[in-house]
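Take a look at the letters that make up each chain.
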Amino acid sequence: MKICFVYLLPHPSHKGFAEAINADFCHYHTFLKDKRLPRAIKSFIGGLTLPKADIYLCEGGAPLLPVWIKKKFNRKSVNIELVGDETFMVLDYTPKELKKNYPWHVNLMHKIVMKEIDGAIAVSKMAEESIRKYLDIPTSVVYPYIEPDLYTKLVKVEPNLESFSIVSVGYAKPSKGMDLLVEAFKIVKKEFKDAELYLIGKGHPKDWGEVKGVHVLGFVPDLGPYFEKCSLFVQPSRFDTFPVSTLEALRAGLPAIVTENTGTKEVVENLGKEFVRKVDAEDIAEGIMKYFDLPTAKKEELSKKSKSLSEPFNKQEMCKRFKEEFFRLVDSI
């Protein structure tokens, strides 16, 4: 049985999942990925040139069109969707901040091609709900994991729980909501004069660094030193299926605040319902200030619990689970 993992990036956890089922790797634009052509043309030709396989594992929404085209020539093939992005979350309502990446014609295309999906493995319950809203297909949930070296390293970190410093990690994508966090921090800074915010990730506007207390760091090779100097992690995402950066923070003993549209709320809510906030700068700010007002002993208790919550998210456990769920899903189709 030939399995083809049709990928976009791929995400490190998705790569590990594909390796666990001995899948062949194929970019969704095949040999055209570096060519300067319209994306629709590359996707169409990518569909014609994808290798023949019994099962296609699609990473997110981008590979769905090429695989849809490929299935027209091989009706017996199976399409398993790895629900790891916001494709199905924005089909009915796309916030203005995300319309550049998900214009109406892209959403329409996804509504057409998703009809060829035979089963799905989602990276969170929230992601699973997003596809089950549209398709009556077999589904399962397998969470991503922390990379092995970080899993071992971050558990040794001791955060500075007496500080009023916040850290957040993520690329400059509107879905990540970093702009909401900057606005929330402005509110927090008025009440906590010593507050600092460290933004880690590529592409964030440099002028955010002009806001007092905000540090725009770009990519950093080692998260440890920043986790050590902070007392809180914030994931302010508008839509985020299951960001591993939240798990990494928990592993380092940093309690995390996430939004209600972030899949890792399924883990963070175990710290308390106040750690899951609305997708709103004022509400995120309220959550941050409530945490800062806690006594140190309570923060230490939450830090210890955070590390405990991170324990299941190791590569060996999650790849084993993915392999089991993948073949169980295939057998049920």
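Everything discussed here concerns the structure shown above.
Asks: Is there a simple way to explain the sheet that holds strand β1 (residues 3-7) in this structure?
Replies: Two orientations exist for strands paired in a sheet by backbone hydrogen bonds: parallel and antiparallel. In space, the six strands of this open sheet follow the order β2-β1-β3-β4-β5-β6, with parallel pairing throughout. Strands with a single pairing partner mark the edges of an open sheet, and in this sheet they are β2 (24-27) and β6 (139-141). In this sheet, adjacent strand axes meet at a mean angle of 20° when their direction is disregarded. Note: β1 against strand β3 (residues 55-59), four bridges, orientation parallel. By the bridge assignment for β3, V6 is matched with C58. On the sheet, helix α1 (residues 12-20) packs against β1, β2, β3 and β4 (78-83) and is oriented at approximately 140° with respect to β2.

Asks: When you look at the pattern of salt bridges in this model, what are you seeing that I'm missing?
Replies: Close approach of charged atoms allows side chains with opposite charge to pair. Per the counting criterion, the structure on display carries 21 salt bridges. For the salt bridge of E286 with R277, the shortest nitrogen-to-oxygen distance reads 3.9 Å. Relative accessible area serves as the criterion here: at 36%, E286 is assigned to the partly exposed category. Judged by its relative accessible area of 7%, R277 falls in the buried class. Ionic contacts of the salt-bridge type, sharing partners, join the residues K71, K72, R75, E116 and D118 into one network.

Asks: How should I be thinking about the pairing of β3 in this particular structure?
Replies: Looking along a regular strand, one sees side chains alternate from face to face of the sheet. For β3, a buried count of five out of five residues is recorded, marking the element as mostly surrounded by other parts of the structure. Alternating residues of β3 divide into I55, L57 and E59 and Y56 and C58, and every residue in both groups is buried. Where β3 lies against β4, five bridges are found, and the strand directions are parallel. Each bridged residue has a counterpart across the sheet, and for E59 the counterpart in β4 is L82. In terms of handedness, the path from β3 via helix α3 (residues 64-73) over to β4 forms a crossover that is right-handed.

Asks: Any chance you could explain unusual backbone geometry here in plain terms?
Replies: Note on backbone geometry: most residues besides glycine have negative phi, and most peptide bonds are trans. Across the junction of L9 and P10, the peptide omega takes the value -10°, indicating a cis bond. Secondary-structure assignment places P10 in the loop between β1 and α1. Look at N22: it is not a glycine, yet its phi comes out positive at around 55°. Its place among the elements puts N22 in the loop between α1 and β2.

Parameters and conventions
Residues numbered from 1 in each chain as written. Predicted model: local features only at pLDDT ≥ 70, side-chain atom pairs only at ≥ 80, totals over all residues. Heavy atoms only, no water. Pairing = 2+ DSSP bridges. Helix = DSSP H or I, 4+ residues; strand = E, 2+ residues; numbered from the N terminus. Axes fitted to C-alpha atoms, helices over the stretch in contact; angles between N-to-C directions. Contact = heavy atoms within 4.5 Å. Salt bridge = Lys/Arg side-chain N within 4 Å of Asp/Glu carboxyl O. Buried < 20%, exposed > 50% of the residue type's maximum accessible area, 1.4 Å probe, protein only. Right-handed = clockwise from strand over helix to strand, strands pointing away.

Keep in mind these numbers describe shape, not what the thing actually does.
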